[in-house]
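Structural overview
The chain contents come next:
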Amino acid sequence: MNLKYSKDYQRFREEVRQFIKDHWTEEDVAANPQLSEMAQGLGSSPRTDERATAFRRAAAERGYMYRHVPRAYGGGEQAPDPLKATILVEELKAAKAPVELMSQGPAMLVPTLLAHGTEEQKKQYVESTLLGHVRWCQGYSEPGAGSDLASLRTSGVLEGDHWVVNGQKIWTSNAREADMMFALIRTEPDEPKHDGISYLLIDMKTQGIDVRPLRQMDGDAHFNEVFLDNVRVPRDSVVGERGQGWYVSRSTLKAERALIGNASMARRTFDGAVALAQMTQVRGRPAIEDPVIRDRLTDLESRVLAAEYNGFRLLTESAKGHDGGLAGLVTKLHTSTLAHDVSKLAMNISSDAAMLAPGEEHAPFAGMLVQSYIMYYALAIGGGAPNIQRNVIGERGLGLPRDPRR
Ligand SMILES: Cc1cc2nc3c(=O)[nH]c(=O)nc-3n(C[C@H](O)[C@H](O)[C@H](O)COP(=O)(O)OP(=O)(O)OC[C@H]3O[C@@H](n4cnc5c(N)ncnc54)[C@H](O)[C@@H]3O)c2cc1C
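Residues numbered from 1 in each chain as written. Predicted model: local features only at pLDDT ≥ 70, side-chain atom pairs only at ≥ 80, totals over all residues. Heavy atoms only, no water.

**Thoughts on the packing of helix α1 (residues 7-23) against helix α4 (residues 50-61)**
Between α1 and α4, the least distance of the axes is 11 Å, while the angle of their chain directions is 145 degrees. The two elements α1 and α4 cross, and the hand of that crossing is right-handed. In contact with F19, I20 and H23 of α1, α4 contributes R51, F55, A58 and A59. Taken together, the residues of the contact of α1 with α4 sort by class into five nonpolar, one polar and one charged. (Axes fitted to C-alpha atoms, helices over the stretch in contact; angles between N-to-C directions. Helix = DSSP H or I, 4+ residues; strand = E, 2+ residues; numbered from the N terminus. Left-handed = near helix turned anticlockwise from the far one by under 90°. Contact = heavy atoms within 4.5 Å. Nonpolar A, V, L, I, M, F, W, Y, C, P; charged D, E, K, R; others polar.)

**So, the site of the ligand**
Not every one of the 19 residues close to the ligand is listed here, only the nearest: Q138, S141, S147, W171 and S173. Between S141 and the ligand, the recorded distance is 2.7 Å, taken from a backbone N or O atom to an oxygen atom. Between a nitrogen atom of the ligand and a main-chain N or O atom of W171, the distance comes to 3.2 Å. Considering the ligand on its own, with 980 Å² of exposed area, one finds that the protein chains cover 66% of that surface. Classifying every residue of the shell around the ligand by side-chain character gives seven nonpolar, 11 polar and one charged. (Near = heavy atom within 4 Å. Polar contact = N/O pair within 3.5 Å; in protein donor to acceptor, adjacent residues only side chain to side chain. Areas by Shrake-Rupley, 256 points an atom, 1.4 Å probe, with all protein chains shown as cover.)

**Points about helix α6 (residues 104-116)**
Across its 13 residues, α6 extends 17 Å between first and last C-alpha, which sits within 8% of the 18 Å expected from 1.5 Å per residue. When the local axis directions of α6 are compared, the greatest deviation, roughly 30 degrees, occurs at V110, which is followed within four positions by the proline P111. Among the 13 residues in α6, 10 count as buried, and that is most of the element. Of the positions making up α6, those classed as buried are Q104, G105, P106, A107, M108, L109, V110, T112, L113 and L114. Considering only its buried residues, α6 is in contact with α7 (119-130), β1 (136-139), β4 (180-186), β5 (197-203), β8 (238-239) and α8 (245-260). (Expected span 1.5 Å × (residues − 1). Bend = angle between axes of the 7 residues up to and from the residue. Buried < 20%, exposed > 50% of the residue type's maximum accessible area, 1.4 Å probe, protein only.)

This is how it looks when you write it as structure tokens:
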């Protein structure tokens, strides 16, 4: 494995640096504090402002952003090159310039539309989603249908030119801010459960949609319940074939796993814990000198390194045009549980100070430790709980016998 960039790639990096200098000024950096937060991996995608939109458009025209998306739909249309993609992210983040929006719409729905959508759907939604003009939420989970998603019961009945949708979704992240929802709806009640589902695009302003926030244990309300009461959705809002939504949804789920778990998230969290151990005094000595803490950090670092080398393996495979297979499935499970274990150690190092709220004078990491600890726990569940991921890896990756199903 060669871990150095060739001369061509180093030249590419210089070109990217120059492009950013020409298009994203110091004033832009100062005016967009949320982008600096995103560069550190915190915060969600802010609704994009005009300057950031102009930057993303210019970067796409130059072939630097949304490289997998055809130009006809506002993308960069470049041959896949994971090394160039990595350099671009590194340089954009280092300069605190806008990176690609990575929320549910751009990261999960767009690849699905490109693979399964009609020409009209691609024209209508891809560019506006990439630029953040249309924001999406994901309506998959229902009470009683989370891990066993194919049991979902929200129904869609065709009446003339509309689907009439009735039912309830739950754990719908960002539903209050979203303009649209991509949802799995049971449209063929007489078919076997995996063959009776359609993938629908639903305007969140349609009459009959009621969104109610769910308060989490960290005080935030990131999730919602979405009630659908005789919601009329145009007939042509189905992505892919009617009744084939389960197969369409797999493309979204694959993108979701890649969005949630990655080695750079684990590395960032780990480096934060090391910095905390250097800064924090325990019984008059820096915590990093405590043999128990050193032991735990060493153990975690070996897991972070394993995640990074697994990432290099995936990069090498995708540079050769191969699918990462098992290595890709392992990433979400490993990195989301690892980030949680690292944040647990950070809480232990900070001891009582971890409880200080944001804004308190001595609060480590701006009072965000408890929130991160809880959030990483949730990330391990979102997009598929650890037990389910282990089953998928065992069955599809290692060819083990199937888990007994009811
Ligand atoms: C941060 C976060 C964001 C989310 N955002 C969204 C969203 O935007 N849209 C959306 O639709 N959903 C969203 N979800 C929901 C998420 O997809 C579900 O929570 C997840 O699929 C688990 O389903 P469940 O909560 O019904 O748990 P259950 O399926 O009830 O599982 C409970 C426990 O039982 C275990 N279990 C279940 N079945 C098996 C089995 N066969 N073998 C072994 N163990 C099993 C699970 O692993 C888990 O530990 C989000 C969840 C989180 C935490």
